[in-house]
Protein chains: 2
Amino acid sequence: MSKVLIVEDDEVIAQGMARHLTAAGFDPVCVNRGDLGLQRLRFEHPAVCVLDLMLPGIDGWRFLETARAEGLGTPIIVVSARGTEHDRVHALEIGADDYLVKPFSMKELVARVKAASRRGVRTESVERGERIEIEELVIDPREVQAYIDGESAGLTPTEFKVLYQLALDRGRVVTREELLQKIWGRRQMYRDRTVDVCVKRLRDKIDRRASQHTFIQTRFGVGYKLEAQAK
Amino acid sequence: MSKVLIVEDDEVIAQGMARHLTAAGFDPVCVNRGDLGLQRLRFEHPAVCVLDLMLPGIDGWRFLETARAEGLGTPIIVVSARGTEHDRVHALEIGADDYLVKPFSMKELVARVKAASRRGVRTESVERGERIEIEELVIDPREVQAYIDGESAGLTPTEFKVLYQLALDRGRVVTREELLQKIWGRRQMYRDRTVDVCVKRLRDKIDRRASQHTFIQTRFGVGYKLEAQAK
DNA sequence: CCGTGTGTTCACGCGATCGTCACCTCCCCT
DNA sequence: AGGGGAGGTGACGATCGCGTGAACACACGG
């Protein structure tokens, strides 16, 4: 469920961590360069970040400093082969949340990732993500609301989630199964019209103004798609 | 500044920790029994708790379990002479935020306490901070009071904290969980109406004047939001 | 020891929300 | 052109969220 960003240049270790985190119910993403990791940290907001200190691109120290300077609050767990007291204290001082010395047990890593994600509740529901603007439609995750021509669309939480999910993949067709899975947490549907009804209500609210114009398009037999123009 | 609760039965170690934490700008409080520590954790809400596992009264394990079961969200750093992988993993699993094996360096302890308090579950220090003005509403952190048209609203400390928290993120929807965590230091809520009641009283006090006008808006199924206009 | 101020929990009730269903419309394929 | 199935639409009912008033718990000051 929760995403974990692994910034580690050793393929073997990264894969091992990913495997164990997956088994524990996390959704790990691996990156082998510091600069790439920083970019992904900025855009997709993972619940936790596991960071190696020795990295190509930019090293872990600069990674930490930059991330904190930019105000990114993601819990960061440093893993490193070097584990002198000075290293540990310094990393913690400049913004690390935890420090594990290699070699470490995967069990402990998983436990510490769990602990970090547990307390990082704050990005769970609100706050994550930028506003998305598509023509006169503005989708604001911070307010959990959408606006048309600056006027609130009065979306309910579920409606908003659907719209936001479509907006994250705007231009792409999103299947019903995907929506049902991500928003309702259901696995399979036999004849479930839940999504359809929700989309209808959504359309009633956001397509009302610009008549003749529908933001949410239907892909027959597949799913729904939100218009792509990023304004 | 920030209070740190030290639950440790060895006087010498406790005093050492207290001394170093004081030097680092913390306000340590020592307790030598588990049951007493738990009471103080419940009563005064420290920013961080440092917990030894071997204790008279109730031991650290039960301390951890009880605190978390009660929904107390204070970051807890476990320190222990026993440091097997199993111990560490288990402690983290049942709610510890960090685990240090004795003997440890005081520098590292301080660094980890800093890291834990940094991601501060709660906004302990209300004192610093600018006044926030929203139309005729003035929120003054120094006075711990709000004013409407220059007249005191007579807010209680808790009411003020809620208002201030909303004001810091004005325009953004703040979830109940977030408020409960930041102000009351609880992590999970089962069916807790504390926030609702507090908000009701807040509204009674600050919305009284400008009738027809509510500063605090409800986002159904999500949380509360304070009006955005910075005057 | 008892009022008072403050904070938390409880119980009730209304209204918002959301899933389901039935029926209708439209698309796609043959 | 017609049939079957996918999707749109409107309505209904159960549930849940939350406002509200009151009871309850607790520390403080006299």
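Residues numbered from 1 in each chain as written. Chains lettered and ligands numbered in written order. Predicted model: local features only at pLDDT ≥ 70, side-chain atom pairs only at ≥ 80, totals over all residues. Heavy atoms only, no water.

Undergrad: Explain the protein's contact with DNA strand C here, please?
TA: Around DNA strand C, 21 residues are found, and the nearest of them are A:Thr156, A:Thr158, A:Trp184, B:Thr156 and B:Arg201. If you look at DNA strand C and keep only atoms within 4 Å of the protein, 65% of those are sugar or phosphate atoms. Interatomic distance of 2.3 Å between a side-chain N/O atom of B:Thr156 and a phosphate oxygen of DNA strand C. Between DNA strand C and B:Asp192, the relevant distance is 3.5 Å, taken from a phosphate oxygen to a side-chain nitrogen or oxygen of the residue. Elements with a minimum of two residues in the surface near DNA strand C: helix H6 (157–168) and helix H8 (194–206) of chain A together with helix H6 (157–168) and helix H8 (194–206) of chain B. (Near = heavy atom within 4 Å. Polar contact = N/O pair within 3.5 Å; in protein donor to acceptor, adjacent residues only side chain to side chain. Helix = DSSP H or I, 4+ residues; strand = E, 2+ residues; numbered from the N terminus.)

Undergrad: How should the domain arrangement of chain A be read in this particular structure?
TA: Think of interface size as the accessible area that goes away when the parts come together; that is how it is often given. On domain assignment, one finds that chain A holds domain 1 (3–123) and domain 2 (127–230). If you average the C-alpha positions of domain 1 of chain A and of domain 2 of chain A, the two centres end up 33 Å apart. (Domains from an automatic or database assignment.)

Undergrad: Can you walk me through the interface of chain B and chain A in this structure?
TA: With 30 residues of chain B in contact, the opposing surface of chain A contributes 30 residues. Across the chain B-chain A interface, the total number found is 7 salt bridges. A salt bridge links B:Arg88 to A:Glu108; its shortest N-O distance comes to 2.5 Å. Connecting chain B to chain A are 20 residue pairs in polar contact (both at pLDDT 80 or more). Breaking the side of chain B that touches chain A down by element, the ones donating at least two residues are helix H4 (85–93), strand E5 (98–101) and helix H5 (106–118) of chain B. The greatest single-element share of the side of chain B that touches chain A, amounting to 7 residues, is contributed by H5(B). Here the side of chain B that touches chain A is built from residues that sort into 9 nonpolar, 6 polar and 15 charged. (Contact = heavy atoms within 4.5 Å. Salt bridge = Lys/Arg side-chain N within 4 Å of Asp/Glu carboxyl O. Nonpolar A, V, L, I, M, F, W, Y, C, P; charged D, E, K, R; others polar.)

Undergrad: Can you help me understand the packing of aromatic side chains in this one?
TA: The description of two aromatic rings rests on the distance between their centres and on the angle between their planes. Residue and element names in this part refer to chain A. Across all of its chains, the model carries 2 aromatic pairs over all chains by this definition. A centroid spacing of 5.7 Å and a plane angle of 15° characterise the contact between Phe160 and Tyr164, whose relative ring orientation is stacked. Taken together, the positions of Phe160 and Tyr164, both in helix H6 and 4 residues apart, correspond to about one turn of that helix. Residue classification places Tyr164 among the buried positions, given a relative accessible area of 14%. (Phe/Tyr/Trp six-rings, centres within 6.5 Å; stacked < 30°, edge-to-face > 60°. Buried < 20%, exposed > 50% of the residue type's maximum accessible area, 1.4 Å probe, protein only.)

Undergrad: Just to check I follow, could you spell out the nonpolar core for this structure?
TA: If you look at soluble globular proteins, the nonpolar side chains tend to sit buried side by side. Of all hydrophobic cores here, the largest spans 30 residues; its most connected members are A:Ile139, A:Leu155, A:Leu163, A:Ile206, A:Ile216 and A:Leu226. Mapped onto this core, the elements with two or more residues apiece are strand E6 (132–134), strand E7 (137–140), strand E8 (145–148), H6, helix H7 (176–184), H8 and strand E12 (223–226) of chain A. Considering each element in turn, this core owes the most residues, 6 residues, to H6(A). Here A:Ile139 is in contact with A:Glu130, A:Arg131, A:Ile132, A:Gln145, A:Ala146, A:Phe160, A:Leu163, A:Tyr164, A:Ala167 and A:Leu226, once residues within four sequence places are set aside. In terms of nonpolar packing, the next biggest core, distinct from the first, is built from 28 residues, B:Ile139, B:Ala146, B:Leu163 and B:Leu166 among them. (Core = buried A, V, L, I, M, F, W, Y, C linked by side-chain atoms within 4.5 Å.)

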